[in-house]
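One letter stands for each residue in the lines below.
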Amino acid sequence: MTKGNFPVDRFKGIETPFYYYDVELLKKTLQTVKALTNKYGYAQHYAVKANANHHLLQQIAAAGFGADCVSGNEVKAAVTAGFPASKIVFAGVGKTDKEINEALDLNIFCFNVESLPELEVINELAGKKGKVAQVALRINPNVDAHTHEYITTGLNENKFGFSLTTITSALDVLKTMANVTLIGIHFHIGSQILDIEEAFKPLCDKVNELQEFFEEKGIKPVHINVGGGLGVDYENPNTNPIPDFETYFELYHKNLKLRQGQMLHVELGRAIVAQCGSLISRVTYVKHGDEKKFLILDAGMTDLIRPALYQAYHKIENISSNLPEEKYDVVGPICESSDVFAKDYPLNETKRGDLIALRSAGAYGEIMASRYNCRELPKPYYSDKL
Ligand code: LLP
């Protein structure tokens, strides 16, 4: 039996829960992005935080993407998967000396710097190695991404980047530093953004304004990195498996005024990998409560934490039943009352042992899994290796 894009028969011998990745869909997604960035002359990076699975990283590196990393280990994962150091950017508010030194040794493309003390440390550590580190300043553009409060990052009052008021002093300090050179500016306003116009147009306006401010100071940052954040359709992964990259890139093309020689960079995470991944689970028990029916899965919040942490919606399918639909509360086995995937959810009538797919789980799924309750980490399987 195959249901949707799932080779259900082949799943039967695999221990659940596991992540299943549709590598063909990933490749199609990568090609779609590449065609558009080639058209507009933009550079595309992948935000490794969304999923650092080695096989996926290899596909993304092979498609010519750069890597946006937020820890020393992400930098290592990117290098191991074949991303050239010359395409690796290293962001994050708390880079340690060890992480900075390792990145300096690799000669990565750019450090996205988030504070003055960090700038000082990079300057000092690069000096000790007789190197000049390329840096971009992360600027907090104070743009509302209209998304979940935990994943909004571009407003002034938060821990990320330089606020618009502290940027002048950062530029003054930069002039006095011998071992860092400013090559760009960096922004990121938030994640799972679906209203492209409403969120990214104000970002373009803000960047255009800042460009004038930089020009007055006689500075031209060559690289303008507008971050990631493009959302995916969690409700309809079958009809919208590839996000609306056309509208996204066209918006930048129309609204962002790049100067001669300037290069626009994007660093998308979720939009690249979310739809190619599903968490596959088995039903351990069907429990009849007083009024409700509970499906107790062998997957829980340790395997996919987004519903518990952000009340996020993931489409759920019983991929081994075609019986008429009934409503269930779909829950995990973890000893936490937040370990719930969905309530009153319509699914084909379900029995113990049925296979359940939690869709659109390729981004911030496997990578956020934990070993709470001493559980095993879910293993990955791939459409091109089954
Ligand atoms: N660049 C920077 C600086 C970021 O902080 C992020 C994500 C990205 C790029 C990639 O954003 P994306 O294209 O994936 O939206 N765990 C949360 C999402 C956290 C996003 C953090 N930053 C979730 O599961 O929804």
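Structural data are supplied above this passage.
So, here's what we can say about the structure. This structure is a prediction, so every number in the text was calculated from the model and none was measured.

### A short note on the site of the ligand
Piece 1. In the neighbourhood of the ligand, 19 residues make up the surrounding shell, with S191, R270, R306, Y310 and Y364 lying closest.
Piece 2. Here R270 contributes a backbone N or O atom positioned 2.8 Å from an oxygen atom of the ligand.
Piece 3. The fraction of the free accessible surface of the ligand (590 Å²) that becomes covered by protein chains is 92%.
Piece 4. Looking at the shell around the ligand, the elements that each hand over two or more residues are β9 (263-268) and α11 (306-310).
Piece 5. Its residues assigned to classes, the shell around the ligand comprises six nonpolar, seven polar and six charged.
Piece 6. Domain assignment of the residues forming the shell around the ligand places at least three in each of domain 1 (8-18 + 275-382) and domain 2 (23-274).

### Quick word on the environment of E99
Piece 1. Relative to the elements of secondary structure, E99 occurs in helix α5 (residues 97-106).
Piece 2. With 161 residues separating them in the primary sequence, E99 and Q260 have C-alpha atoms 34 Å apart.
Piece 3. Sequence-distant contacts of E99, defined by excluding residues within four places in its chain, comprise S71, G72, F90 and G94.
Piece 4. Polar contacts involving the side chain of E99 include one to the main-chain amide nitrogen of G72, which spans 2.9 Å.

### Some remarks on the sheet that holds strand β2 (residues 43-47)
Piece 1. Judged by pairing direction, the barrel is parallel, and its eight strands sit side by side in the order β2-β3-β4-β5-β6-β7-β8-β9 before closing back on the first. Ignoring which end each strand starts from, the neighbouring axes of this sheet average 30° apart.
Piece 2. Two strands pair when backbone bridges link them, and strand β3 (residues 66-69) and strand β4 (residues 88-90) are joined in this way by three bridges, in the parallel orientation. Paired with C69 across the strands is F90, a residue of β4.

### Side note on the state of the cysteines
Working definition of a disulfide: a covalent bond connecting the sulfur atoms of two cysteines.
Piece 1. Under the criterion given, the structure shown has zero disulfides.
Piece 2. Free of any disulfide, C276 has its nearest cysteine sulfur in C69, 18 Å distant.
Piece 3. Assessed through its relative accessible area of 4%, C276 is described here as buried.
Piece 4. Of all cysteine sulfurs in the structure, the one in C335 sits closest to C374, which takes part in no disulfide; the separation is 12 Å.

### A short note on the packing of aromatic side chains
Piece 1. Enumeration according to the criterion identifies 16 aromatic pairs in this entry.
Piece 2. Considering the side-chain rings of F200 and Y248, the 5.3 Å spacing of their centres and the 80° angle between planes classify their relative orientation as edge-to-face. Of this pair, F200 sits in helix α8 (residues 196-216) while Y248 is found in helix α9 (residues 245-255), placing the two residues 48 residues apart along the sequence. Y248 carries the same exposure label as F200, and that label is buried.
Piece 3. Look at Y248 and F249: their rings are 5.1 Å apart centre to centre, the planes differ by 75°, and that puts the pair in the edge-to-face class.
Piece 4. Residue Y248 is classed as buried on the basis of its relative accessible area, which comes to 0%.
Piece 5. One Lys or Arg, K95, reaches over the ring of F90 and ends 5.5 Å from the middle of that ring.
Piece 6. The lysine or arginine in question, K287, covers the ring of F294, its NZ or CZ lying 6.0 Å from the ring centre.

### Quick notes on the packing of helix α2 (residues 23-40) against α9
Piece 1. Packing of α2 against α9 leaves a shortest axis separation of 10 Å and a crossing angle of 20°. Considering their axes alone, α2 and α9 lie roughly parallel with respect to each other. Judged by the sense of rotation from one axis to the other, the crossing of α2 with α9 is right-handed. Side by side, α2 and α9 meet where T29, T32, V33, L36, T37 and Y40 of the first sit next to F245, E246, F249, E250 and H253 of the second.
Piece 2. Partitioned by chemical class, the residues of the contact of α2 with α9 number five nonpolar, four polar and two charged.

The rules behind each value
Residues numbered from 1 in each chain as written. Predicted model: local features only at pLDDT ≥ 70, side-chain atom pairs only at ≥ 80, totals over all residues. Heavy atoms only, no water. Near = heavy atom within 4 Å. Polar contact = N/O pair within 3.5 Å; in protein donor to acceptor, adjacent residues only side chain to side chain. Areas by Shrake-Rupley, 256 points an atom, 1.4 Å probe, with all protein chains shown as cover. Helix = DSSP H or I, 4+ residues; strand = E, 2+ residues; numbered from the N terminus. Nonpolar A, V, L, I, M, F, W, Y, C, P; charged D, E, K, R; others polar. Domains from an automatic or database assignment. Contact = heavy atoms within 4.5 Å. Pairing = 2+ DSSP bridges. Axes fitted to C-alpha atoms, helices over the stretch in contact; angles between N-to-C directions. Disulfide = S-S within 2.5 Å. Buried < 20%, exposed > 50% of the residue type's maximum accessible area, 1.4 Å probe, protein only. Phe/Tyr/Trp six-rings, centres within 6.5 Å; stacked < 30°, edge-to-face > 60°. Lys NZ or Arg CZ within 6 Å of the ring centre and 35° of its normal. Parallel < 35°, antiparallel > 145°, perpendicular 65-115°, else oblique. Left-handed = near helix turned anticlockwise from the far one by under 90°.

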